[in-house]
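# Summary of the model geometry
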Amino acid sequence: MTKKERLNYIIDWFQKHMPNAETELHYENPYQLLVAVILSAQCTDKRVNIVTPPLFAKYPTPEDLAKGTTEDVYELIRSVSFANNKTSHLLGMAKMLVEEYNSEIPDTVEELVKLPGVGRKTANVITSVIFNQPHMAVDTHVFRVSARLGLTTNAKNVLQTEQQLVAQIPTHLIYIAHHWLILHGRYICVARRPKCEICGLRPACKFYQTDMKHVVTEELEPISAAEIAAGKNKK
């Protein structure tokens, strides 16, 4: 299978089985998504979704958060990873939004990364999800899954992975491909032992063909990450 054939197979499969893939973070507006993505760094979306409702209830706007205290914000997010740093980031981000951006979320990666707590990955998420720009946010799931499938070649870091993916995925699909790869990595192509038995991408996966084919003793009916997330478990 050529690289182009592999890409087409993977895209076709995802379009059929995960046509509506989207972030699992809960949010109602750009401000809330920005806060949630900052909190999600090295933390599960499930934990973030527990923390954000009371946080947004107390600080519904950037102006409200900018007036918050370190003690109050920390108390609301203390169960997430690196809560001290994230408290500082959230307060600094909110103040900068109010003072320099009129409380509006910037729509470019270059402006977003100026905000405290916002790196390239977070900026790519915001510009992709909120502003429908063809940016690929690469986290550990995207990095791992892309390499295993064979969508990237010898990518040494997340930037190289991002560049290779953006170069070959059709522009109009980049925004959803980000979610396809994250969800697939979160529920099926997991780090320690990928669930190849239920993976519908086996025919196109380089890792399966080279490393896992001899390990899998039974190939089950494929199931998508979206179905697993929705609670449909495969025995």
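The text that follows walks through the structure, step by step, so that each part is easy to find.

Conventions adopted
- All residue numbers here refer to positions counted from 1 along the written sequence of the relevant chain.
- Reporting in this predicted model follows two pLDDT cut-offs: at least 70 for local features of residues, and 80 or more for side-chain atom pairs to be given and counted; totals over whole chains, interfaces and linings ignore these cut-offs and use all residues.
- Side-chain numbers here rest on the full set of heavy atoms in the structure, without hydrogens or water.
- Strands here mean DSSP runs of E at least two residues long; helices mean DSSP runs of H or I at least four residues long; both are numbered from the N terminus.
- Note on method: radius of gyration uses C-alpha positions; expected globular size equals 2.2 Å times residues raised to 0.38.
- For every residue, the accessible area obtained with a 1.4 Å probe (protein chains only) is divided by the maximum for its type, and the residue is called buried under 20%, exposed over 50%, and partly exposed between those limits.
- When checking whether two residues touch, look at their non-hydrogen atoms; a contact exists if any pair is within 4.5 Å.
- One speaks of a salt bridge when a side-chain nitrogen belonging to Lys or Arg is within 4 Å of a carboxyl oxygen belonging to Asp or Glu.
- Any pair of N or O atoms that falls within 3.5 Å is considered a polar contact. Within protein, one atom must be able to donate a hydrogen and the other to accept it, and sequence-neighbouring residues count only if both atoms are side-chain atoms.
- Each Phe, Tyr or Trp ring (for Trp, its six-membered ring) is paired with any other whose centre lies within 6.5 Å, and the angle between the two planes then decides the class: stacked below 30 degrees, edge-to-face above 60, tilted in between.
- Placement of a charge over a ring requires the Lys NZ or Arg CZ to be within 6 Å of the ring centre, with the centre-to-atom vector within 35 degrees of the ring normal.

Here the focus is the overall build of the protein chain. Assigned secondary structure in the protein chain consists of 13 helices and 0 strands. Element order for the protein chain, N to C, with α for helix and β for strand: α-α-α-α-α-α-α-α-α-α-α-α-α. Rg of the C-alpha trace for the protein chain: 19 Å, near the compact-globule value of 18 Å for 235 residues, within the 12% margin. Each of the three principal axes of the protein chain carries a C-alpha extent, and together these read 60 × 35 × 30 Å. Counting the 235 residues in the protein chain, one finds 48% classified as buried. Pairs at least 24 residues apart make up 57% of the contacts formed inside the protein chain by residues separated by at least 6 positions.

In the structure shown here, the tally under the stated rule is 8 salt bridges. A salt bridge links Arg-78 to Glu-75, with the shortest nitrogen-to-oxygen separation between them at 2.9 Å. Looking at Arg-78, the relative accessible area reads 48%, which means it is partly exposed. Salt-bridge contacts for Glu-219 lead to Arg-202; the nearest nitrogen and oxygen are separated by 3.5 Å.

Relative to the helices and strands, Trp-180 is located in helix 11 (residues 174–187). Residue class for Trp-180 comes out buried when judged on its relative accessible area of 3%. Trp-180 has contacts with Ile-11, Phe-14, Gln-15, Met-18, Ala-21 and Leu-173, leaving out every residue within four places of it along the chain. A distance of 2.8 Å separates the side chain of Trp-180 from the backbone oxygen of Met-18, its partner in a polar contact.

Turning to the environment of Asn-124, a few remarks are in order. Tracing the sequence through the fold places Asn-124 in helix 8 (residues 120–129). Apart from the residues lying within four places of it in its own chain, the contact partners of Asn-124 are Val-109, His-135, Met-136, Ala-137 and Glu-162. Among the polar contacts listed, one links the side chain of Asn-124 to the side chain of Glu-162, at a separation of 3.3 Å.

This model, assessed by the stated rule, comprises 3 aromatic pairs. Residues Trp-13 and Phe-14 carry aromatic rings whose centres are separated by 5.7 Å and whose planes lie at 75 degrees to one another, so their mutual orientation is edge-to-face. Each of the two residues, Trp-13 as well as Phe-14, counts as buried. Summarising the aromatic geometry, the rings of Tyr-31 and Phe-56 are spaced 6.2 Å apart at their centres and angled 55 degrees between planes, so their arrangement reads as tilted. Pair noted here: Tyr-31 is in helix 2 (residues 30–39) and Phe-56 is in helix 3 (residues 45–58), with a separation of 25 residues, a long-range link. Taken as a pair, Tyr-31 and Phe-56 share a single burial class, namely buried. Among the aromatic residues, those joined into a cluster by ring pairs are Trp-13, Phe-14 and Trp-180. Cation over ring: Arg-148 sits above Phe-207, and NZ or CZ is 4.9 Å from the ring centre.

Such coordinate-based values are descriptive only and should not be taken to indicate function.
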